Amino acid sequence: MGLSLTRAAQWTPASSGTGKLESTPMNESLLKEILSFAEQFGSQHPQEALHVFQEPLQWSTTLVASDFKTDYDISDSDVKSNERDSEGLPLLQLSPPTVSVRSFSQLSKLVHLAEDKKVEEVQACLEENRYPLVKILGSSVASILQGEDTDTDVLSLVDKVKDQGKDSEVKVKLFLLLQNLDNKLLSKCLEEIAGKIRLDPTAVKNEVDSLKHSSIEGEKRVLKSIRYTSDYIFSNGCRAPPWRQVHGEMCYLVIEPCDTETLCVTCSTAGVFINGGIKQEGEESGYERTSDVYRDLRTLLKSRSPHLAENINTQDFAVQEPPSTQKVQHVEPVDAEEQGQSQSSYEQREKNVNENARQSLYKTGGEKKYEPCPRWRNLGLTSPCGEAEEKKRSKSSGEEKCDGIQKRKRGAGAKGKMKAEFSASSLPGRLSSQKIKTPAGSMPLDAFSESSSESEEEEEQPERRQESNTDLPSEYWQIQKLVKYLKIGSLKILRKISHNVQIRRAIVDMGGLQSIVRILDSPVKDLKALAAETISNVARFRRARRTVRQYGGIKKLVKLLDCVPNLASLSANQEKDVEVARCGALALWSCSKSTKNKEAIRKAGGIPLLGRLLKSPHENMLIPVVGTLQECASEESYRIAIQTEGMIKDLVKNLSSDNDELQMHCASAIFKCAEGKQTRDLVREYKGLQPLASLLSKASNKQLLAAATGAIWKCSISMENVAKFQEYKALETLVGLLTDQPEEVLVNVVGAVGEFARIAANKAIIRKCGGIKSLVNLLTGTNQALLVNVTNAVGACATDMDNMAIIDQLDGVRLVWSLLKNPSAEVQSSAAWALCPCINNAKDAGEMVRSLVGGLELIVNLLKSTNNEVLASICAAIAKIAKDKENLAVLTDHGVVPLLAKQTNTTDDRLRRHLAEAIGHCCMWGSNRASFGDAGAVAPLVRYLKSKDKEVHQSTAMALYQLSKDPNNCITMHEKGVVKPLIHIMGSDEDMLQEAAAGCVRNIRLLALANRKAVLFN
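Residues numbered from 1 in each chain as written. Predicted model: local features only at pLDDT ≥ 70, side-chain atom pairs only at ≥ 80, totals over all residues. Heavy atoms only, no water.

A.B. asks: Honestly, the pattern of salt bridges in this entry has me stumped. Any pointers?
C.D. replies: When charged atoms on two side chains of opposite charge get close, those side chains can pair. One pass over the full model with this rule turns up 33 salt bridges. Here glutamate 727 and lysine 724 are joined by a salt bridge, their closest N and O atoms 3.8 Å apart. Placement of the pair is glutamate 727 and lysine 724 together in helix H36 (residues 719-727), with a separation of three residues, close to one helical turn. Between glutamate 869 and arginine 910 there is a salt bridge, with its nearest N and O atoms 2.6 Å apart. Of this pair, glutamate 869 sits in helix H47 (residues 868-881) while arginine 910 is found in helix H50 (residues 909-922), placing the two residues 41 residues apart along the sequence. Overall, arginine 910 belongs to the partly exposed group, its relative accessible area being 42%. (Salt bridge = Lys/Arg side-chain N within 4 Å of Asp/Glu carboxyl O. Helix = DSSP H or I, 4+ residues; strand = E, 2+ residues; numbered from the N terminus. Buried < 20%, exposed > 50% of the residue type's maximum accessible area, 1.4 Å probe, protein only.)

Shown next, in the form of structure tokens:
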């Protein structure tokens, strides 16, 4: 109910509020499908049907109380379902004429109760809930899931949304069910439209071409210009996006007559008409019709342009094919997921475009002559025979010229950098971010493509090309010959030259990678090894990695890993098997930069084979194997497998290798895997902490240092590991690394220092080594990951009074407070958590807070955040600040009471705990207790006592005790049944909890006695 509802359904104009669904056959068909889905949902998907919506679906219903039968609590005209959520709220509520539904179970029952009014109820629901997915799943979950690839598996989707609250798996299943319904509705609409076509896209195209060639050129022209808004043509000949094709629209034109204003025209199956002004694709507001519908373009133009009407009969407007041209059509890619086009279909189109370009080039000759550059000559890729063939081709083609071929778009300053050492400026397949020449020490050529953090959205984004009048050089065709005749010799050459960015892209452009993948099935082991090594060189950008996967290359590469690498003596045949496996591991390492390829490796059974190769004694085998594992360890399934397959022991063993690169990859793998406690314990058990600590001495190798500090950081999450690290004096070394290091090292170092600071003795060591000043200096940075770790470390150090004095002296509190303005929610929350110990341990906390101009207003405004972690940390900080009366008065003036009260309906226990604590402390000023009651904060707090978290009970009991000092609040508490849970809590072992609960009950009882006396004596 996403694209189908917003784009396929036909709506009335929303001029007077919300638009309504028009009474059309298309809409009736959609409503029947959605009705069938809703009716059957409860029986077909019972688990998902019980899920409580994030927000209720509300609409004006025709149902009345008498329509409801059993399972409902009926009171006069109001109806409430007996089925309730965890908070005790009904999942269906009717207060005529409005009905509110909060689960598919109740929605399905309501539809059945509607009987002959079913369709009307579904229509009313959809009209008043235009974006049901957001209400059902919540805006954050819906936006995350809608942004994911359609091929992403359920487990990956669950992992993406697990931080968005409980029931993440059910939410993902619900999303997929609704997405399937959406696709079904769109397909149905397109099928229906396809069967009703009256105007033919070909006829429209021919008429446009006729107008172009007969009306624009010459002295008697009647049009200045006529153009399409989009160059992209779908397989059915239409240029309109799919969600407009369901309305019968085929394309959009911008026509400039000589005597009137510019016309924006829609060509549909029913005819042509003026639209609201679509001058480029994507302007949703411009699709509306603003004129009558005409049978063809000429009729419309006659009615709009007197000049054209006068001259149109004197022109020859016979429909004719346009003159042939050798220019390749520009194809602008569309978003594959939204437009409903598969990635493979895009690649086929791209292949066809390249093929057309090559065919046209064989027919060209001309004036421009290309000479092979010296590098090609040195590689032996040119020959007199080849040159003769080029001359012959040029001569036979005469004076013809190719108008242009498609090329990828270049950035603004890219043109001057395209003169490569090997004439690369004329090769296709380059990205705007690529540079041909790189100075020593700069980023590698494929810096962006090599990133292991590439998202699937980026991976699947088609690469764009643009027209160019530059012909391809002869070198391009030399690569084509190598690709066409793949033998051992040509593979050796391709393996050597494919280290170059432009050449590897040319190999992919000409379909060479598919041929190389096929060679992996060859019985000749030398060929397989060469093919795998060439793939490892070529698969360093997204499209190449995708191509390897789509042509079955991942499975074939995994099969190459099956050998016995650790035998004492190997036969010649076994040595070849090991070499093939090594080359296969190299190729998988390159391919594993893609998330989908990681999953493909796992499904092909690559993990146990990599684990076996990890026992090899040869470094040249271990480096690609560990490299692949550490790349894949970003996925949870791999981290679990690495632990369960016993690979941690081998990774720890290789930390003691003499090879820095192998050490780096092992440390990086441990860094990613040590998120789990079992892995951290295994690293300690296999004596891996000492080798990690010793790697800190190799400070000159920044990549190794980043990996080692990352592993130390994650391992130090376990306090047993921190104690062990201190035996090796790791903390002192880490503090020394807090200055003059790249950010990727600093993030890990500071993270480790923050974990070490949780032990009291280590706080003094950090102070004595000068670590406090270094940490405070890092608070002025901009790297968000670094700022999160720095604030955590500062907060941990601030629990020590001596450290807090230094932090205050260095103006550290002001710097931490300023980070509350950071746009990152994670930075905001970590800064707020750090402020809590700073305020708690400052010498004069009240005065320190007041000295920060605008600080209290800033912290109150953050209560408007939608992030629960930010809200919890801000509430915790407010609880500390409110201990000072003057600061509490200022907080009250800034409106802290209604903002806190607004958050009380949360179900997040961590937020509940700190929110209740903040409310309890804010009650200490003026009439705040009564204000909280007026703002509706008391009743939700009573529900907090049903939580299973004891800390929530403690802070809630204290807040209720403070609120119970207001009589009206006591009445509300008593009505909501607070006494019984408080009496139960009075039996707790916690003294403070006992006292707070007893005090609250006492206040309620005193009010009751006072009322009773008043009744008796009056």
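A.B. asks: What am I meant to see in the packing of aromatic side chains here?
C.D. replies: Aromatic ring pairs: the centre-centre distance and the angle between the two ring planes describe each pair. Scanning all chains against the criterion turns up eight aromatic pairs. Consider the rings of phenylalanine 37 and phenylalanine 41, whose centres lie 5.3 Å apart with planes at 65°: the pair is edge-to-face. Note that phenylalanine 37 and phenylalanine 41 are positioned in helix H2 (residues 25-44) at a spacing of four residues, about one turn of the helix. The residues phenylalanine 37 and phenylalanine 41 share a single accessibility class, namely buried. With centroids separated by 6.3 Å and ring planes inclined at 85°, the aromatic side chains of phenylalanine 37 and phenylalanine 104 adopt a geometry described as edge-to-face. Here phenylalanine 37 is found in helix H2, whereas its partner phenylalanine 104 is found in helix H4 (residues 104-114), with 67 residues between them in sequence. For the pair formed by phenylalanine 37 and phenylalanine 104, the shared burial category is buried. An aromatic cluster is present here, built from Phe37, Phe41, Phe53 and Phe104 joined pairwise through their rings. (Phe/Tyr/Trp six-rings, centres within 6.5 Å; stacked < 30°, edge-to-face > 60°.)

A.B. asks: What should I look at first to understand empty space enclosed by the protein in this one?
C.D. replies: In this approach the atoms are scanned with a rolling probe the size of a water molecule, which exposes any empty space left behind. Using the criterion set out here, one finds six cavities of 30 Å³ or more in the structure. Taken as a whole, the largest cavity holds about 160 Å³ of empty space. Lining the largest cavity are 16 residues; nearest its centre among them are Ile34, Ala38, Leu107, Cys125 and Leu126. Counting only elements with at least two residues in the lining of the largest cavity, the list comes to H2, strand S1 (57-60), H4, helix H5 (118-128) and helix H6 (132-137). (1 Å grid on protein atoms, 1.4 Å probe; cavity = no way out; pocket = protein on both sides within 12 Å on 5 of 7 lines; lining within 4 Å. Points joined across faces, edges and corners; volume = space filled by probe spheres on them.)

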